[in-house]
Amino acid sequence: MLISLWIGAGALLAIILLQIIATLIHKPSLRVYPGPWYTRVTHYVLKFYTLTGRRMQYVHSLHQRYGSVVRLSPNQLAFCDPDAFVSIHKIGSGFTKTQWYEDFSGGAGGTGIGIGLFAMTDVKKHASRRKLFARAFSAASLRSNCEDVVKEKVEKAVSRIMTEARDTGEADIMKWWMLMASDIIGQLSFGESFELLESGEKSHHIQVLEAAALGATLQYEMPGISGLLRRIPVPKLNLLVTAPNLVHKYGEAAVLNLRRHSDNRANLFATMLAQSEAAAEKFELTDDDIRKEASNFILAGADTTAITLTYLVWAVLKRPELRVRVEDEVSTLGPAASDEALEQLPLLNAVIEETLRLYGAVPGNLPRVVPEGGVSLGGYAVPEGIEVETQAYSLHRDPNIFPDPLTYVPCYPSRSLKVTKDRFDETRWMGKDGPKPRSYCPFGAGTRTCAGIHLARMEIRLGAATLFRQCKGLRLGAQMNDEMMEPANFFLATPVGKRCNVRF
Ligand code: HEM
């Protein structure tokens with residue numbers, strides 16, 4: 001056993017050394033860029049931070065040390081500068097999504113969740129698919145066809161939170177938001193809810209969702225690991241391998257239901273098909289496409305919204321005076337308040353924007369490939385084919401754009417020692433009607449901006465307003481602390497504690 005371990009470690013070391021030598025021979029083109037010396041020859045340090053869920057924090061620390069342009073590996077650069085952000089993500093920029101997206105989704109081979117709108121790298125195919133989605137995901141269509149579904153699920157979630165907090169002393173809001181967001185996206189994609197709120201259990205479905213992003217990251221970063229994880233007799237490890245395939249299977253229900261109830265207006269795919277029938281230019285949407293897109297929706301549309309709502313409630317409950325003001329504001333509207341009415345509440349919306357600035361669920365790297373001929377970015381010439389990336393985590397903490405971003409907390413026992421913490425300041429969004437900063441990007445940007453942005457915002461507005469109106473005087477759970485809410489970054493950023501308890 002020991003000998004095998006030594007042989008394995010030796011082989012790994014040899015592979016790493018060979019890769020470094022190969023990189024040196026090929027004379028990497030990014031030598032002139034600022035960055036730690038080792039990033040000239042290896043991507044293994046970046047891989048290490050990716051696999052340990054701290055990629056965005058690591059890249060942020062490099063920006064703080066080396067500036068707005070930093071080399072991450074022999075062929076990867078990160079930018080934290082509004083001009084570079086716009087150049088990369090604006091419509092028609094020529095930058096395309098990297099191969100990472102297709103591999104992360106399971107590749108063209110068909111394992112994993114499958115290549116849908118999110119992962120498509122072909123510009124034309126993506127544009128045509130996006131056009132098909134446009135009507136169903138527009139704010140107007142969602143409000144007339146889907147708002148009732150969202151309201152019903154939100155009401156149910158809040159009532160279950162109240163009951164659990166009263167009966168057991170505390171309720172885990174992260175669990176309830178997960179169940180709610182999954183039921184909503186299930187109902188809207190399949191025309192049939194998963195009924196997770198009914199069961200109230202952190203079911204297998206939620207465990208699958210939690211494991212899917214981590215599993216996809218592991219399989220991408222360490223391609224050989226699947227075989228090993230499959231063999232270890234620990235169900236949680238096996239799930240990391242099987243989760244993406246299980247999500248793909250959920251998509252099959254979407255196809256069946258669509259064929260059975262194609263007139264259901266609250267079914268997003270029914271709206272898409274109706275649009276495709278009516279369009280002069282015919283768009284193809286095969287059963288396989290529907291299955292892949294539905295699996296993608298489940299992954300993209302459940303955790304993301306639930307995580308954001310969880311951080312929002314945590315941030316508000318940490319400041320009781322803010323909680324009281326939010327409660328007062330949402331109470332000015334009745335229980336039947338529409339999403340449109342909620343959109344007019346200044347404090348609620350400021351709290352939502354500040355949550356998305358600091359704790360948006362997708363704050364990490366959005367990698368893109370430099371187009372043919374190369375470009376000039378951040379004052380440097382960048383050759384074609386190089387991978388460039390931006391991350392909201394750093395752009396949203398740029399003091400030039402979001403002034404005074406930190407709070408200094410005196411540290412016991414010496415009051416001169418201080419730790420810094422992100423400052424949650426909702427007032428930075430209040431009384432400002434103009435456009436938001438160019439580099440504010442919780443939902444991405446350009447042609448690849450989040451397709452579910454209006455649905456997500458609707459769920460967050462209705463979820464937060466209903467909770468703070470119906471559950472006045474909420475507090476954080478007795479055992480909750482800031483460390484539990486530190487984000488672990490596996491594409492999404494999820495609280496490491498995996499729960500957020502509240503009590504009356
Ligand atoms: C607060 C919740 C959400 C956040 C923070 C969020 C964030 C994002 C971000 C940053 C991207 C761009 C990714 C990239 O460029 O690599 C994205 C894309 C996407 N999101 Fe969301 N999302 C949320 C909710 C949703 C919901 C509810 C859906 C519904 C199905 C959804 C569906 C998608 C899809 C399909 C894409 C790919 C769009 C394309 O490439 O054309 N998201 N999201």
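Computed from a predicted model, the values in this text were never measured in an experiment.

One open sheet holds the five strands; their spatial order is 1-2-8-5-3, and the pairing between them is mixed. Looking at which strands have only one partner, the edges of the open sheet turn out to be strand 1 (69–73) and strand 3 (96–97). In terms of strand pairing, strand 2 (residues 76–79) meets strand 8 (residues 387–391) through four bridges, oriented parallel. Bridge pairing in strand 8 links Leu 77 to Val 388. Against the sheet, helix 4 (residues 82–89) contacts strand 2, strand 5 (365–369) and strand 8, and its axis sits at roughly 120 degrees relative to strand 8.

A few words now on the UniProt feature "binding site: heme" (unreviewed entry) in the protein chain. Within the UniProt annotation, "binding site: heme" (unreviewed entry) is assigned to Cys 450. Looking at the secondary structure, you find Cys 450 in the loop between strand 10 (418–422) and helix 21 (453–470).

The next subject is the pairing of strand 2. Residues Gln 76 and Ala 78 point to one face of strand 2 and Leu 77 and Phe 79 to the other, with burial holding for every one of them. As paired elements, strand 1 and strand 2 share four bridges and run antiparallel to each other. Residue Val 70 lies in a different strand from strand 2, and its bridge partner there is Ala 78. What sits between the antiparallel neighbours strand 1 and strand 2 is a turn of two residues.

On to the packing of helix 9 (residues 173–190) against helix 15 (residues 287–301), then. Contact geometry of helix 9 with helix 15 gives a least axis separation of 9 Å together with a crossing angle of 155 degrees. Classed by the angle they form, the pair helix 9 and helix 15 counts as roughly antiparallel. Crossing handedness for the pair helix 9 and helix 15: right-handed. For the pair helix 9 and helix 15, contact is made by Ala 181, Ile 185, Ser 189 and Phe 190 and by Ala 294, Phe 297, Ile 298 and Gly 301, respectively.

Now for the sheet that holds strand 11 (residues 475–476). Read across the sheet, three strands follow the order 4-14-11 without closing on themselves; strand pairing throughout is antiparallel. One side of each edge strand has no neighbouring strand; the edge strands of this open sheet are strand 4 (171–172) and strand 11. With two bridges joining them, strand 4 and strand 14 (residues 501–503) adopt antiparallel strand pairing. Pairing of Asp 172 across the sheet is with Asn 501, part of strand 14.

On to unusual backbone geometry, then. With a phi close to 60 degrees, Phe 491 is a non-glycine residue in the positive phi region. Of note, Phe 491 is situated in the loop between strand 12 (487–490) and strand 13 (492–495). For Phe 491, a relative accessible area of 13% gives the class buried. Positive phi outside glycine occurs at Lys 498, with the angle close to 60 degrees. With respect to the helices and strands, Lys 498 occurs in the loop between strand 13 and strand 14.

Not every one of the 28 residues close to the ligand is listed here, only the nearest: Tyr 101, His 126, Arg 130, Arg 368 and Cys 450. Contacts to the ligand include Arg 368, whose side-chain N or O atom sits 2.8 Å from an oxygen atom. Mapped onto the shell around the ligand, the elements with two or more residues apiece are helix 6 (123–134), helix 15, helix 16 (303–317), strand 5 and helix 21.

A word on the packing of aromatic side chains. If you walk through the whole model with that rule in mind, you get 17 aromatic pairs. Plain terms: the ring middles of Trp 37 and Tyr 38 are 5.6 Å apart, the flat faces sit at 85 degrees to each other, and that makes the pair edge-to-face. Given the relative accessible area of 67%, Trp 37 is considered exposed. Relative to Phe 297, the ring of Phe 133 has its centre 5.6 Å away and its plane inclined at 85 degrees; by these criteria the two rings are edge-to-face. Residue Phe 133 is found in helix 6, and its partner Phe 297 is found in helix 15; the two are separated by 164 residues along the sequence.

About the criteria used
- Residues numbered from 1 in each chain as written.
- Predicted model: local features only at pLDDT ≥ 70, side-chain atom pairs only at ≥ 80, totals over all residues.
- Heavy atoms only, no water.
- Pairing = 2+ DSSP bridges.
- Helix = DSSP H or I, 4+ residues; strand = E, 2+ residues; numbered from the N terminus.
- Contact = heavy atoms within 4.5 Å.
- Axes fitted to C-alpha atoms, helices over the stretch in contact; angles between N-to-C directions.
- UniProt positions renumbered as here; feature names shortened; annotations may be inferred.
- Buried < 20%, exposed > 50% of the residue type's maximum accessible area, 1.4 Å probe, protein only.
- Parallel < 35°, antiparallel > 145°, perpendicular 65-115°, else oblique.
- Left-handed = near helix turned anticlockwise from the far one by under 90°.
- Near = heavy atom within 4 Å.
- Polar contact = N/O pair within 3.5 Å; in protein donor to acceptor, adjacent residues only side chain to side chain.
- Phe/Tyr/Trp six-rings, centres within 6.5 Å; stacked < 30°, edge-to-face > 60°.

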